[in-house]
Amino acid sequence: MVRHDAALERSVAIFLTRTTLGFVYFFAGVNKLTEVGVVEFGRRAAALPDLAGIVPQAILMAVGSLTPLVELVLGALVLFGLWTRPALRCVAALIILITLAYGVHGLLHPMGATAMNIAVVNFYILPRAALLIVTLFLPAEDDLLSVDALRDGRFRRFRIRRA
Amino acid sequence: MTRTSDRAWAILVARCILGIVFFIAGVYKTFMWGPLEHARVLFVEPYADTFLPVWALWVSGAAVPVIELVAGALVLVGLWTRASLVALAGILVLVSFGHLLVDPPTSINAFILPRSALLLIVLLTPATEDRYSLDQVRRSRGHAAEAAIV
């Protein structure tokens, strides 16, 4: 009984971190799509002055246009807990790439003693990274309140054990 | 999709962000600012009225950018990770002391505490779980060489 309750508590903990992270990415994608739009976001990426001379316009346009869609899809997958672990790994790669991009941006436009924009690091990158790290550290088998748990029968087995 | 590789991804995220933040700071301070100018502006002048010896301020102020550069790069790629983390931890302690000596207690919240949290995540997890690192490649080669000898 105690063991099952502990498992339920862990599943609630994972649910909290996973859904918060999912909401963050999902709504980041939704906002970009509704307020800016795919094409316009791509145009803005292609017009970035720091990258315009280095990276071909077509690549910038493609990356810019895909960004809202990638955020939307990854956010939805993490939010509902479908293909959760591969989706979390994609989010991990995304966070590392974005940190690297902000790092290069910091060298081109230094802010403060550490070059990188402290507001971006502390309020954008680190909270997302913290949610992601906690979710990845918690065992996948304890993520019971997810579509993955329904699909592979984990949730049903847990309910039977509990009953 | 094992539990170990999930943990390895978590460590990778913490290690890479920590490495990037320190490496970028190191590049900026070493090559764009200069270690001596860094020491003068951030160490010697602000602490001129304290009990700290001037020579120590020059030495620590000039060393910090280079340590951040080298240790940040090593942490980023995961080579000699533990030693590099210890070096960065030393910087965090040194900078905490410096800030708290002349600034309010909350002055360490924005810069030092988030970096310390990331550093602790990597340092407190077993080194063998950091699978996506150059240290892991070195460990694997070492084991392969041992097996070949046996």
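In this text, all values refer to a predicted model and were calculated from it rather than measured experimentally.

1. Side note on the confidence of the model for chain A
- In the predicted model, chain A carries a mean pLDDT of 90, and the fraction of residues at 70 or more is 98%.
- Summarising per-element confidence for chain A, the mean pLDDT is lowest in helix 3 (residues 49-52) of chain A (79) and highest in helix 5 (residues 84-108) of chain A (95).

2. Let's talk about empty space enclosed by the protein
- One pass over the structure, following the stated rule, counts two cavities of 30 Å³ or more.
- Roughly 50 Å³ of internal volume is contained in the largest cavity.
- When residues of the lining of the largest cavity are traced back to their parent elements, those giving at least two are helix 6 (118-137) of chain A together with helix 1 (3-33) and helix 5 (112-124) of chain B.
- Its residues placed into classes, the lining of the largest cavity shows seven nonpolar, one polar and one charged.
- Of the voids in this model, the second largest cavity is the one considered here, and its volume is about 40 Å³.
- Contributing to the lining of the second largest cavity are Tyr25, Ile95, Ile98, Tyr124, Ile125 and Arg128 of chain A.
- It is helix 6 of chain A that provides the largest number of residues to the lining of the second largest cavity, a total of three residues.
- Split by residue class, the lining of the second largest cavity holds five nonpolar, no polar and one charged.

3. Comments concerning the layout of surface pockets
- A volume near 1,300 Å³ is recorded for the largest pocket.
- Secondary-structure elements contributing two or more residues to the lining of the largest pocket are helix 2 (38-46), helix 3, helix 4 (57-80) and helix 5 of chain A.
- Considering every element that reaches the lining of the largest pocket, the biggest residue donor is helix 5 of chain A, with nine residues.
- Tallied by class, the residues present in the lining of the largest pocket amount to 21 nonpolar, four polar and four charged.
- Quantified by volume, the second largest pocket comes out at close to 560 Å³.
- The wall of the second largest pocket is formed by 27 residues, among which Leu42, Phe43, Tyr47, Val95 and His99 of chain B lie closest to the centre.
- If you list the elements that add at least two residues to the lining of the second largest pocket, you get helix 1, helix 2 (35-44), helix 3 (54-77), helix 4 (81-102) and helix 5 of chain B.

4. A short note on helix 3 of chain B
Residues and elements named next belong to chain B.
- A rise of 1.5 Å per residue sets the reference length of helix 3, with its 24 residues, at 34 Å; its end C-alpha atoms lie 35 Å apart and thus fit the reference within 8%.
- Turning to helix 3, its buried residues number three or more, namely Leu57, Ser60, Gly61, Ala62, Val64, Pro65, Glu68, Leu69, Ala71, Gly72, Leu74 and Val75.
- Where helix 3 ends, the next residue or the one after it, Gly78, has phi of about 75°, a positive value.

5. Concerning the nonpolar core
- Judged by nonpolar contacts, the single largest core of 55 residues is most densely connected at Val91, Ile95 and Leu132 of chain A together with Val13 and Ile17 of chain B.
- Among the elements that take part in this core, helix 1 of chain B stands out by supplying 15 residues, more than any other.

6. Some remarks on the interface of chain A and chain B
- Contacts between the two partners involve 31 residues from chain A, matched on the other side by 31 residues from chain B.
- Summing the contributions of chain A and of chain B, the shared interface buries around 2,700 Å²; its carbon and sulfur component is 79%.
- Sorting the residues of chain A by area buried against chain B places Arg89, Leu107 and Phe137 of chain A first, and these three jointly supply 26% of that buried surface.
- Counting the contacts that link chain A with chain B gives two salt bridges.
- Measuring nitrogen to oxygen at the nearest pair gives 2.8 Å for the salt bridge that ties Asp6 of chain B to Arg89 of chain A.
- Across the chain A-chain B interface, the total number found is four residue pairs in polar contact (both at pLDDT 80 or more).
- When contributions to the side of chain A that touches chain B are tallied by element, the ones reaching two or more residues are helix 5 and helix 6 of chain A.

Scoring rules and cut-offs
- Residues numbered from 1 in each chain as written.
- Chains lettered and ligands numbered in written order.
- Predicted model: local features only at pLDDT ≥ 70, side-chain atom pairs only at ≥ 80, totals over all residues.
- Heavy atoms only, no water.
- pLDDT = per-residue confidence, 0-100.
- Helix = DSSP H or I, 4+ residues; strand = E, 2+ residues; numbered from the N terminus.
- 1 Å grid on protein atoms, 1.4 Å probe; cavity = no way out; pocket = protein on both sides within 12 Å on 5 of 7 lines; lining within 4 Å.
- Points joined across faces, edges and corners; volume = space filled by probe spheres on them.
- Nonpolar A, V, L, I, M, F, W, Y, C, P; charged D, E, K, R; others polar.
- Expected span 1.5 Å × (residues − 1).
- Buried < 20%, exposed > 50% of the residue type's maximum accessible area, 1.4 Å probe, protein only.
- Core = buried A, V, L, I, M, F, W, Y, C linked by side-chain atoms within 4.5 Å.
- Contact = heavy atoms within 4.5 Å.
- Buried area = accessible area lost by both parts, 1.4 Å probe.
- Salt bridge = Lys/Arg side-chain N within 4 Å of Asp/Glu carboxyl O.
- Polar contact = N/O pair within 3.5 Å; in protein donor to acceptor, adjacent residues only side chain to side chain.

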